[in-house]
Amino acid sequence: MSEPMVLDLDWLQGDKHHSVRLTLDDTPVSIGRDPVNLLVLHDSSVSRQHAEIFLTAQGPALRDKGSRFGTQLDQHLLQPAQSMLLPPQCELLFGRQKVSLRYDAAHHHEQDFAVWALHDLQHRIDDMQQHSLGALIQLSQQAQPLSDLQQHLCQQFQQLQQAAQQWSAQNSLLQRLNTLVNQTQGYLVLLEHAVPMIAEVLGARRGFVLMADKRGQSLQRQACWNYAPPHATDGPAFSEWIARECFERQEFRLLSAQQLSRFVSPRPEVEVTGVLAMPLQANGETLALLYLDTTHTDGFNQLQETFCKTLQAQLGLALKNAITISRALCDDLTGLCSRSMIEEQITLSMEQAKRYGQPCSLIFIDLDNFKQINDQYGHFAGDEVLRCVAALLKTLARKADRVGRLGGEEFVVLVNNTSPDSALIYAERIRADIAALEPLVTGVSLKITASIGVAGFHHALHNLAYRFIDCADQAMYQAKNSGKNRVCAHKPATLQLLDTASDTLRSGSRG
Ligand SMILES: Nc1nc2c(ncn2[C@@H]2O[C@H](COP(=O)(O)OP(=O)(O)OP(=O)(O)O)[C@@H](O)[C@H]2O)c(=O)[nH]1
């Protein structure tokens, strides 16, 4: 049995925030998201088999989505489009795969920005009423001219209108973020969408998100919006410095022009009148920090602060979900497709190949003597080599190709619309480029080679991804056994039988 997969996910339903912990005791399925529902489970060994988990008022529910075999939840057969509540512990028969699902659900009550904004608006209207009443009384006592009252009311009304406009824009941003929380797949895509949206509503002139890199070793700027990298040679720019400070202290800061003027080294960029540094957190962990600044005469005003706190909670959740899903789809070390993701892609390609009579090939790459690299230079060096090879494979791949890491030092390249003969030429280029790569790791340039197997799609694979991988794997073993650093083609069993028969005939005629 493989390691249980734990997915901590957050749903936003209207203004309610639910956390659900899903534990898949066995993980033969791949996890994805579609634009409407939160979580989609795919079984790549059975075509078109997928189910969706979505949230209802009573808790998470499961829905079968047009699968060929139907999905069973605790012995109840679900027909396509039917849905059933997920009991906290349940067994799911998914095609031929059995998956144990468990969930713990919790509700959180975030401060509701919309309710707060309405109350604030109500207070302002009450204030205005009282002012007008006072002024009317004064007027009736002839203590104040009518024009003064008119001017005063006009001013108050304009302020009220501005506040209403601001809140409406902020509410609409929260709605759009709400949609992003439940839809976005990649966290970088999420941030690239969110930063300009937020900047626009807050009247910011530029911004970026500071995030730890995949190894958690250094903080890097992502999703830069109107933000050119600083060219200063004498230390970091103020923006980057304050962002790092707030990230490390997990501190939310909204700085006014006056507060900014107190900073001496590094000095804020002269024209900046307001800075917002907002850590994005989930379950107590700081995932990233949003930095925005403005040159607007008022800077960021205090009214925006309450909005920013709600924004902070929502964006934190959105980011956490997007990271969770990305990790399920992507290999953490190399950024290539994860095993389950590539299996899913292979199944889809086989279906296409069968339906349209197109060729499709699979290249299986296994690095030679990789253990020696780990033993001699350490695991860190080994990881670096894996990343270099992954980067090379990505560079060599065409748009229609899919590159994945199966685990350890094993990679596959799925080449669509390509015959095994052409894939062999491609594989030979991969082999030669890996041999010439000589990655520089901790100051040493390492010699690496790979053994490669190539298999072509054929009907006897019955659209089963693992069988296709198995064929390419067999060819790779042949390459290993014939001396490594070479490419071998897989021969389907019928061809192998013919070969054996002709070998026998040949040896018979010689004898
Ligand atoms: N650095 C690093 N090493 C890994 C990772 N995953 C697996 N390995 C190591 O990869 C090595 C694979 O060793 P073997 O299966 O013996 O293969 P090999 O040394 O390449 O030998 P041949 O395949 O016969 O050429 C083992 O030492 C694993 O610990 C990883 O993510 N990072």
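Reading guide: rules and limits
Residues numbered from 1 in each chain as written. Predicted model: local features only at pLDDT ≥ 70, side-chain atom pairs only at ≥ 80, totals over all residues. Heavy atoms only, no water. Helix = DSSP H or I, 4+ residues; strand = E, 2+ residues; numbered from the N terminus. Buried < 20%, exposed > 50% of the residue type's maximum accessible area, 1.4 Å probe, protein only. Contact = heavy atoms within 4.5 Å. Areas by Shrake-Rupley, 256 points an atom, 1.4 Å probe, with all protein chains shown as cover. Near = heavy atom within 4 Å. Polar contact = N/O pair within 3.5 Å; in protein donor to acceptor, adjacent residues only side chain to side chain. Nonpolar A, V, L, I, M, F, W, Y, C, P; charged D, E, K, R; others polar. Core = buried A, V, L, I, M, F, W, Y, C linked by side-chain atoms within 4.5 Å. Axes fitted to C-alpha atoms, helices over the stretch in contact; angles between N-to-C directions. Parallel < 35°, antiparallel > 145°, perpendicular 65-115°, else oblique. Pairing = 2+ DSSP bridges. Arc of directions from axis to C-beta. Left-handed = near helix turned anticlockwise from the far one by under 90°.

A.B. asks: Could you give an account of the overall build of the chain, naming the residues involved and the relevant values?
C.D. replies: Along its length, the chain carries 12 helices and 23 strands. Counting every position in the chain, which comprises 511 residues, the buried fraction comes to 46%. Of the contacts formed within the chain by residues at least 6 apart in sequence, a portion of 60% connects residues at least 24 apart. As displayed, the chain has an accessible area near 25,800 Å², and 51% of this comes from carbon and sulfur atoms.

A.B. asks: Describe the site of the ligand, naming the residues involved and giving the relevant values.
C.D. replies: Near the ligand lie 16 residues; those nearest to it are N369, F370, N374, D383 and R405. For the ligand, a nitrogen atom lies 3.1 Å from a polar atom in the backbone of H379. Within the side chain of D383, a nitrogen or oxygen atom sits 2.7 Å from a nitrogen atom of the ligand. Burial of the ligand by the protein amounts to 65% of the accessible area it has alone, namely 660 Å². Of all the secondary structure elements, the ones that give two or more residues to the shell around the ligand are β17 (360–367), α8 (370–377) and α9 (379–396). Per element, the largest residue contribution to the shell around the ligand is 4 residues, and it comes from α9. Of the residues belonging to the shell around the ligand, the class tally is 3 nonpolar, 5 polar and 8 charged.

A.B. asks: Can you tell me about the nonpolar core, naming the residues and giving the values?
C.D. replies: Formed by 36 residues in total, the largest nonpolar core has its most connected members in I198, L276, L292 and L319. Counting residues per element, this core draws most heavily on helix α3 (residues 187–202), at 10 residues. Aside from chain neighbours lying at most four places away, what touches L319 is Y187, L190, L191, M211, L280, L287 and A288. Within the second largest apolar cluster, 31 residues are counted, among which are A381, L386, L393 and V403.

A.B. asks: Residue-level account of the packing of helix α7 (residues 339–356) against helix α11 (residues 465–481), with values.
C.D. replies: Axis separation between α7 and α11 bottoms out at 8 Å; the angle between their running directions is 95°. By the angle class used here, α7 and α11 are roughly perpendicular. Each of E343, I346, T347 and M350 in α7 lies in contact with α11, whose residues at this interface are A465, F468 and I469. When the residues that make up the contact of α7 with α11 are grouped by side-chain class, the tally is 5 nonpolar, 1 polar and 1 charged.

A.B. asks: Kindly report on the side chain of D293, identifying the contributing residues and their values.
C.D. replies: Mapping D293 onto the fold places it in strand β16 (residues 285–294). On the accessibility criterion, D293 (0% relative accessible area) is buried. Reaching out from D293, the side chain makes a polar contact with the side chain of R206 at a distance of 2.8 Å. A polar contact is formed between the side chain of D293 and the side chain of Y291, at a distance of 2.7 Å. In this view, D293 contacts A204, R205, R206, V272, G274, V275 and F300; residues no more than four positions away in its chain are not counted.

A.B. asks: Provide a residue-level description of unusual backbone geometry, including the pertinent values.
C.D. replies: Among all residues save glycine, negative phi is the norm, and among peptide bonds the norm is trans. Non-glycine residue N226 carries a positive phi angle of around 55°. Notably, T442 is not glycine yet its phi reads approximately 40°, a positive angle. Its location among the elements puts T442 in the loop between β20 (440–441) and β21 (444–445).

A.B. asks: Could you give an account of the sheet that holds strand β18 (residues 402–407), with specific residues and numbers?
C.D. replies: Ordered by their spatial adjacency, 5 strands build an open sheet running β18-β19-β17-β22-β23, and the pairing between neighbours is mixed. Edge positions in the sheet fall to β18 and β23 (487–489), since each of these pairs with one other strand and no more. Averaged over neighbouring strand pairs, the angle between their axes works out to 20° when direction is ignored. Seen against the sheet, α7 touches β17, β18 and β19 (410–416) and runs at an angle of roughly 135° to β18. Across the sheet, α9 touches β17, β18 and β19, and the angle it forms with β19 is around 5°.

A.B. asks: An account of α8 is requested, with residue identities and associated values reported.
C.D. replies: For α8, the full list of buried residues reads F370, I373 and N374. Buried residues of α8 fall within an arc of 95° about the axis and therefore sit on the same side. Across α8 from its buried face, at more than 90 degrees, point the exposed residues K371, Q372, D375 and Q376. Elements that come into contact with the buried residues of α8 comprise β17 and α9. With its phi angle positive at about 100°, G378 sits one or two positions after the end of α8.

A.B. asks: Go over the packing of α9 against helix α10 (residues 420–437) with me, naming the residues and quoting the values.
C.D. replies: Contact geometry of α9 with α10 gives a least axis separation of 11 Å together with a crossing angle of 140°. Regarding the angle of α9 to α10, the classification is oblique. Between α9 and α10 lies a crossing whose hand is right-handed. Across the interface between the two elements, C388, V389, L392, L393 and L396 of α9 pack against Y426, I430, D433, I434 and L437 of α10.

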